[in-house]
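# Results of the structural survey
Each chain, letter by letter, is given below.
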Amino acid sequence: MQIDRRRALALLALGTTAPSVAFAKEAVFHGQASFDHGVASGDPLQDRVILWTRITPASQADGIPVKWVVAKDAHFKELVTQGVFHTNAGRDFTVKVDVAGLAPGHDYYYRFQCGKTVSPAGRARTLPQGSVKDVVLAFVTCSLYPNGYFNAYDHIAQRDRVDAVVALGDYIYEYGAGEDDYGMQNGRKLGRIPEPPHEMVTLADYRMRHALYKRDKDLQAAHARCPWICVWDDHEIANDSWVGGAQNHQPKAEGPWLAREGAALKAYYEWMPIREPEPGHAFEAINRSFRFGDLADLIMVETRLVARSYQLEYGRAGDIPLAVYEGDTPSTRKRVTEKDIVAKVLKAVAGGGKAPAPYVVGPDPEALQTVLANPERQMMGVRQEQWLAQTLAASTAAGRTWQVLGNQVVMARTVAPNLVKTMGAEAVAKVLDVLPAAFRPKAQEYVDLYTYDVPYDLDGWDGYPAARERVYDAIKAAGGNAIVLSGDSHAFWTNELHDASGTYVAAEFGTSSITSPAEEDYLPGLEFGRAFMEQNKEVLFCSQRDKGYILLTLTREEAKAEYVSVEIMTKPYKATPLANFRVTPVAGFAPSKIENI
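Note that this is a predicted model, so its numbers are computed, not measured. (Residues numbered from 1 in each chain as written. Predicted model: local features only at pLDDT ≥ 70, side-chain atom pairs only at ≥ 80, totals over all residues. Heavy atoms only, no water.)

### Description of the packing of helix 4 (residues 203–214) against helix 7 (residues 257–271)
Filter applied, for reference: Between the N-to-C directions of two axes lies an angle of 0 to 180 degrees, each axis being a line fitted to C-alpha atoms and, for a helix, fitted only over the stretch in contact. Only DSSP runs of H or I reaching four residues or more are called helices, and only runs of E reaching two or more are called strands; each is numbered from the N terminus. Should the near helix be turned anticlockwise from the far one by less than a right angle, the crossing is left-handed, and should it be turned clockwise, the crossing is right-handed. Any pair of residues with heavy atoms lying within 4.5 Å of one another is described as a contacting pair. Under the scheme applied, nonpolar residues are Ala, Val, Leu, Ile, Met, Phe, Trp, Tyr, Cys and Pro; charged residues are Asp, Glu, Lys and Arg; polar residues are all the others, including Gly.
Close contact between helix 4 and helix 7 brings their axes to 8 Å; oriented N to C, the two are set at 35°. Between helix 4 and helix 7 the crossing geometry is right-handed. Seen from helix 4, the contacting residues are Leu203, Tyr206, Arg207, His210, Ala211 and Lys214; seen from helix 7, they are Arg260, Ala263, Ala264, Lys266, Ala267, Tyr268, Glu270 and Trp271. Class assignment of the residues belonging to the contact of helix 4 with helix 7 gives a composition of eight nonpolar, one polar and five charged.

Shown next as structure tokens:
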């Protein structure tokens, strides 16, 4: 069933986008055209790299030849290779070339030409081979266009050295420009209005949204600076997507999920500097690994579309096992076990009613954990789990120091942040009292929910604990030095990952968003970050306020993670160091503790 589904998706996503590349013969375009969306490179290997741009014709055209050139120098005096790519409306006039025959560990400069129009130049870098002193990677995620300026991308573009940018998902968002749409409170202030102004559903919608993002000058600068290694999360398609649908997809109004997913993937492969898969092999193309000489492997996993089981939500009726409690405060709340009382109270709240005093209804933590622990609940699927285990083992067997997992969602075990426990009921009440009246009841619901001993993020690995244990088993069996880099959460994290027995497995560095809001943006004054650190053994550091990125520098002696906080509401902007953490390698499976430096 999954094989047929992958083949169907590949046909939907790539069926009309096969490129036409000529090397010996140059075609001439006599019309007017422009390069409005910058240039990009991606998926570097030792001998090749993807080059990307998009040509915008001034008038309707059936096909357009675009010349590309690669040089050793920024002035294009020492040409290495060149060719012509024929693009057309079937691939939205995007250009993508897999340039081979390059030397490992070298910078190259590239640009495109259409008629008399020449694109901006970009810089690409191939992966190193053999002995490698160090590697510098910038990790990014979650760029919500209306919610702020992409200043973090500009800051990355200005760094002296970045070997590659690793995008962990949510490169675009699907929401519209309505009054209450995600990020539009800031979007109206800044004049950053999504295009199209409605939620993306069709191929034309996804293409238009990608085009909007690629017109952003800060994003263009980061793409031109160095190669990108990308993977999608959910918002490239729809919020909280899984193998059979998404929270933000309504089949009756928006059509079949497979059609929407296929449209989103087609646009993604057209507009992103990612190597396109063979027909029927979308799975193999998106989870892949990159070898940085003898120093590290970057292993990119896919956790959304191939195998992920339906995820539960606290706010969705029927998802969460419920229990009846007596008492209206966490300190006095007691579980009710009398069957007749439980039945009466649950009947009262069915359909949105209120529990009769002195009873309240909340999640049943034990029953919830039983549901989540079902080993059939998949995050990556059996095939990808096997691939991950083999890739980790091969990396350590080859003697490479680091195994870096590019992972979409937070992996650490985190309980919901009990703000009453951290701040005190009176302090929490004071914060809630100053909120707008319309928003206060929903905020109170969040605060009340977090007083129960339940996992914080069911969309993350906490919603799939058995699948997480299988990843930990693969890391331990490989015996190397694994580091997990995570996105999605809109927060900075430093976590020590432990398996179910309490054994320390790996370090996790979670990067915050480029612009997307976190808990303390919604509810300023409530100390979510402090609560996470105080109440979770695995969480060493958490900022639910700062935006930015992580710069990871790998050497044989250490892996250093620099957390960079970047303002999103002003230009010019400030970027400040937020924190620095270090992990040192240990032979065999004995991961060293994380140091705050």
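### Some points on unusual backbone geometry
Across residues other than glycine, the phi torsion is negative in most instances, and most of the peptide bonds are trans. Cis geometry is found at the peptide bond from Ala357 to Pro358, where omega equals 5°. Backbone torsion omega between Lys571 and Pro572 reads -5°, so that peptide bond is classified as cis. Here Pro572 shows up in the loop between strand 28 (559–566) and strand 29 (575–583). One non-glycine residue, Asp43, adopts positive backbone phi at about 45°. Along the chain, the position of Asp43 falls in the loop between strand 3 (39–42) and strand 4 (49–54).

### Topic: the packing of helix 11 (residues 382–397) against helix 15 (residues 465–478)
Operational definition: Working definition: roughly parallel below 35 degrees, roughly antiparallel above 145 degrees, roughly perpendicular at 65 to 115 degrees, and oblique for all remaining angles.
The geometry of helix 11 relative to helix 15 is characterised by a closest axis approach of 8 Å and an angle of 20° between their N-to-C directions. When the axes of helix 11 and helix 15 are compared, the pair comes out roughly parallel. Two packed elements cross with a definite hand, and for helix 11 against helix 15 that hand is right-handed. Of the residues in helix 15, those touching helix 11 at Glu385, Leu388, Ala389, Leu392, Ala393 and Thr396 are Ala467, Arg470, Val471, Ala474, Ile475 and Ala478. Along the lines of polarity and charge, the residues of the contact of helix 11 with helix 15 split into nine nonpolar, one polar and two charged.

### Some details on the confidence of the model for the protein chain
Note the cut-off: One number per residue, pLDDT, summarises how confident the predictor is, and it ranges from 0 to 100.
Here the protein chain averages 93 in pLDDT, while 94% of its residues score no lower than 70. Within the model, the stretch residues 1–24 combines pLDDT values under 50 with 51 contacts to residues more than four positions away or in other chains.

### Observations regarding the sheet that holds strand 17 (residues 288–292)
Counted only if it meets this: In this scheme, strands are said to pair when DSSP sees at least two bridges between them.
With mixed pairing, seven strands are arranged side by side in an open sheet as 17-18-22-23-25-24-26. Each edge of the sheet is formed by a strand with only one pairing partner; in this case those strands are strand 17 and strand 26 (539–543). Taking the axes of each pair of neighbouring strands and ignoring which way they run, one obtains an average angle of 20° across the sheet. Alignment of strand 18 (residues 296–300) against strand 22 (residues 402–407), held across five bridges, turns out to be parallel.

### Considerations on the packing of aromatic side chains
For clarity, the threshold we go by: Here a pair means two rings of Phe, Tyr or Trp (six-membered ring of Trp) with centres within 6.5 Å. Their orientation is stacked below 30 degrees between planes, edge-to-face above 60, and tilted elsewhere. Buried, partly exposed and exposed residues are distinguished by accessible area as a fraction of the type maximum, computed with a 1.4 Å probe on protein chains only: under 20%, between the cut-offs, and over 50%, respectively.
Applying the stated criterion to the full structure yields 26 aromatic pairs. Between Trp52 and Trp271 the ring centres are 5.7 Å apart and the planes differ by 45°, which places this aromatic pair in the tilted class. Separated by 219 residues along the polypeptide, Trp52 in strand 4 and Trp271 in helix 7 bring together distant segments of the chain. Each member of the pair Trp52 and Trp271 is classed as buried.

### A word on the pairing of strand 18
Side-chain direction in a regular strand flips from residue to residue, so the side chains alternate between the two faces of the sheet. Along strand 18, five of the five residues are buried, which leaves the element largely enclosed by surrounding structure. Here strand 18 shows two buried faces, one formed by Ala296, Leu298 and Met300 and the other by Asp297 and Ile299. Both strand 17 and strand 18 contribute to a ladder of five bridges, which runs antiparallel. Looking across to strand 18, one finds that Arg291 is bridged to Asp297. Where strand 17 folds back on strand 18, the antiparallel hairpin that results is connected by three residues, among which Gly293 adopts a positive phi of roughly 55°.

### Notes on helix 15
To be explicit about the condition: Here the expected length of a helix is defined as 1.5 Å per residue gap, with one fewer gap than residues.
The first and last C-alpha atoms of helix 15 sit 20 Å apart over 14 residues, in line with the 20 Å expected at 1.5 Å per residue. With ten of 14 residues buried, helix 15 is to be regarded as a mostly interior element. Taken together, the buried positions of helix 15 are occupied by Pro465, Ala466, Ala467, Arg468, Glu469, Val471, Tyr472, Ala474, Ile475 and Ala478. Here the buried face of helix 15 lies against helix 10 (365–372), helix 11, strand 22, strand 23 (482–486), strand 24 (492–498) and strand 25 (504–510). In the segment just after helix 15, Gly479 is the residue with positive phi, at about 75°.

### A few points about the nonpolar core
Our working definition: Residues belong to one nonpolar core when they are buried, are Ala, Val, Leu, Ile, Met, Phe, Trp, Tyr or Cys, and are joined through side-chain atoms within 4.5 Å.
Ranked by internal contacts, the top residues of the largest apolar core, which has 82 residues, are Trp228 and Phe509. Residues Met380, Leu392, Ala531 and Val539 belong to the second largest nonpolar core, which totals 55 residues.

### A word on the sheet that holds strand 19 (residues 322–326)
Sheet architecture is open: three strands sit in the order 20-19-21, paired in antiparallel fashion. The open sheet is flanked by strand 20 (334–335) and strand 21 (359–363), the only strands paired with a single partner. Note that strand 19 and strand 21 share five bridges and pair antiparallel. Its bridge partner lying in strand 21, Ala323 is registered against Gly362. Strands in contact with helix 9 (residues 339–349) are strand 19 and strand 21; relative to strand 21, the strand with the most contacts, it is inclined by about 80°.

### Things to note about the pairing of strand 9 (residues 107–114)
As defined by bridge partners, strand 6 (residues 64–71) adjoins strand 9 across five bridges and the pair is classed as antiparallel. In the sheet register, Val69 faces strand 9, and the bridge partner there is Arg111. As paired elements, strand 9 and strand 11 (residues 122–125) share four bridges and run antiparallel to each other. Of the residues in strand 11, the one forming a bridge with Tyr109 is Arg123. Pairing between strand 9 and strand 10 (residues 117–118): two bridges, direction antiparallel. In the strand pairing of strand 10, Gln113 is matched with Val118. Following strand 9, the chain reverses through two residues before pairing antiparallel with strand 10; Gly115 in that reversal takes a positive phi of roughly 60°.

### Here we look at the pattern of salt bridges
As a reminder of what qualifies: What makes a salt bridge here is a side-chain nitrogen of Lys or Arg within 4 Å of a carboxyl oxygen of Asp or Glu, nothing more.
This model, assessed by the stated rule, comprises 46 salt bridges. With a closest N to O distance of 3.8 Å, Asp163 and Arg125 form a salt bridge. Residue Asp163 is found in the loop between helix 2 (151–157) and strand 13 (164–167), and its partner Arg125 is found in strand 11; the two are separated by 38 residues along the sequence. Residue classification places Arg125 among the partly exposed positions, given a relative accessible area of 25%. Residue Glu469 is joined to Arg413 by a salt bridge in which the shortest nitrogen-to-oxygen separation is 3.8 Å. One end of the pair, Glu469, is in helix 15; the other, Arg413, is in the loop between strand 22 and helix 12 (419–423), and 56 residues separate them in sequence. What emerges from the salt-bridge pattern is a single network uniting Arg54, Asp92, Arg207, Lys266 and Glu270.

### Thoughts on the state of the cysteines
Each disulfide consists of a covalent bond between the sulfur atoms of two cysteine residues. Condition: Two cysteine sulfurs form what is called a disulfide whenever their separation falls within 2.5 Å.
Across all of its chains, the model carries zero disulfides by this definition. Cys542 forms no disulfide, and the closest cysteine sulfur to it belongs to Cys142, at a distance of 14 Å.

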